[in-house]
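Reading the structure
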Amino acid sequence: MNSDEVKACCADAYAKDVVALLLGGSYHPGGTALTRRLADRLQLTAGGRVLDVASGRGTTALLLADAYGVRVDGVDYSAANTALAQGAAQAAGLVERTVFTTGDAEHLPYPDEVFDAVVCECALCTFPDKVQAAAEFARVLRPGGRVGITDVTAVPDRLPPGLAGLGARIACVADARPLAEYGDILAVAGLRTLATERHDAALLRMIDQIEARLNLLRITAPGRLADAGVDMAAAPAVLAAARAAVADGTLGYALLTAVKST
């Protein structure tokens, strides 16, 4: 499977309604509380311009626009997610401060040096060419602008087989990297790490939430799980493997901020 096909699979998976049922309103560990912590680390100020890469259904972008008074551009590979985000912005009365575009994180559809900050939550780990994506983050940032990332971390050669396939890539596991490697990827693009934080407990909480919601949907909506290709027979073992991987340090979740040189 080539990189474009991987991107399409990930985008299609995250556009499915069953994903929203399993993950809740925020598609990443830590939810909106961690998004706010990331925004505070970025020192966002009212009137600033922010890019949300892999913006999904618009949860992060709408929170930032509403709570911090910034203008947010969201870009997502899925046209379905773009449409849903636009609808959510209209419903929230935030169409004047948010705009959503379908596009590729590795080829961002924006000119150079137009954003004060770039955020990317639980998505860099899914990009086939992370170095290219980081270079694009840097390109669209103004000098002195900041990047904020929350993402799954992993020690790839220690991942058990059940956490290493395409499905695991879609679940933000199979191609996740150690925290230090994310910093190295950003550094190649001219982005200097300012701070890192571990939030592994947030990943454990999300695993617990997914298990609870799977058990509920197995009773209330088994057809929707089947249509989405969820293998309920395999799910308990995969979730157990994920918990064990967090416990032994193979998997985790982290926050990282970086700055573009002036």
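Preceding this paragraph is the structure being described.
Residue positions are given per chain, counted from 1 along the sequence in the order it is written. At least 70 in pLDDT is required for a residue's local features to be given in this predicted model, at least 80 for side-chain atom pairs to be given and counted, and no such filter applies to totals for whole chains, interfaces and linings, which use all residues. Side-chain numbers here rest on the full set of heavy atoms in the structure, without hydrogens or water.

What counts as a salt bridge is simple: a side-chain nitrogen of Lys or Arg found within 4 Å of a carboxyl oxygen of Asp or Glu. Counted under the stated rule, the structure contains 15 salt bridges. The salt bridge involving Asp 116 is made with Arg 142; its shortest N-O contact spans 2.9 Å. Pair noted here: Asp 116 is in strand E4 (residues 115-121) and Arg 142 is in strand E5 (residues 141-154), with a separation of 26 residues, a long-range link. Here Asp 175 ties to Lys 130 by a salt bridge, and the two come within 2.4 Å at their closest N and O atoms. Separated by 45 residues along the polypeptide, Asp 175 in the loop between helix H7 (166-170) and helix H8 (179-188) and Lys 130 in helix H6 (residues 130-140) bring together distant segments of the chain. Taken together, the shared-partner salt bridges in this structure form one network comprising Lys 130, Asp 175, Arg 177 and Glu 181. What counts as a helix is a DSSP run of H or I of at least four residues, what counts as a strand is a run of E of at least two, and both are numbered from the N terminus.

Not every positive phi belongs to a glycine, and Ala 54 is a case in point at roughly 65°. Its place among the elements puts Ala 54 in the loop between strand E1 (49-53) and helix H4 (59-68). Each residue is placed in one exposure class: buried if its accessible area under a 1.4 Å probe, protein chains only, is under 20% of its type's maximum, exposed if it is over 50%, and partly exposed if it falls in between. Look at Ala 54 and you get partly exposed, because its relative accessible area is 29%. The residue Glu 113 is not glycine, and still its phi comes out positive at about 55°. Its place among the elements puts Glu 113 in the loop between strand E3 (98-102) and E4. The class of Glu 113 is partly exposed, set by a relative accessible area of 40%.

Moving on: H8. If you check which residues of H8 are buried, you get Leu 179, Tyr 182, Gly 183, Ile 185 and Leu 186. Down the axis of H8, the sector holding all buried residues measures 160°, keeping them to one side. Opposite the packed face of H8, turned more than 90 degrees from it, sit the exposed residues Ala 180, Asp 184 and Val 188. Any two residues whose heavy atoms approach within 4.5 Å are treated as being in contact. Here the buried face of H8 lies against H6, E5, strand E6 (191-198) and strand E7 (251-260). Following H8 by one or two positions, Gly 190 adopts a phi angle in the positive range, close to 85°. Throughout, the arc means that of the directions going from the helix axis to the C-beta atoms.

Right, let's get into the side chain of Glu 121. Assignment of secondary structure puts Glu 121 in strand E4. Residues scored as positive are Lys and Arg, those scored as negative are Asp and Glu, and His as well as the terminal groups of each chain are ignored. For the buried Glu 121, no salt bridge exists, and the shortest N-O distance to an oppositely charged side chain is 10 Å, to Arg 36. In protein, a polar contact requires one atom able to donate a hydrogen and another able to accept it; more generally it is a pair of N or O atoms within 3.5 Å, and residues adjacent in sequence count only if both atoms are side-chain atoms. Here Thr 35 takes part through its side chain, which lies 2.7 Å from a polar atom of the side chain of Glu 121. In this structure Glu 121 touches His 28, Thr 35, Leu 38, Val 53, Thr 60 and Thr 150, once residues within four positions along its chain are discounted.

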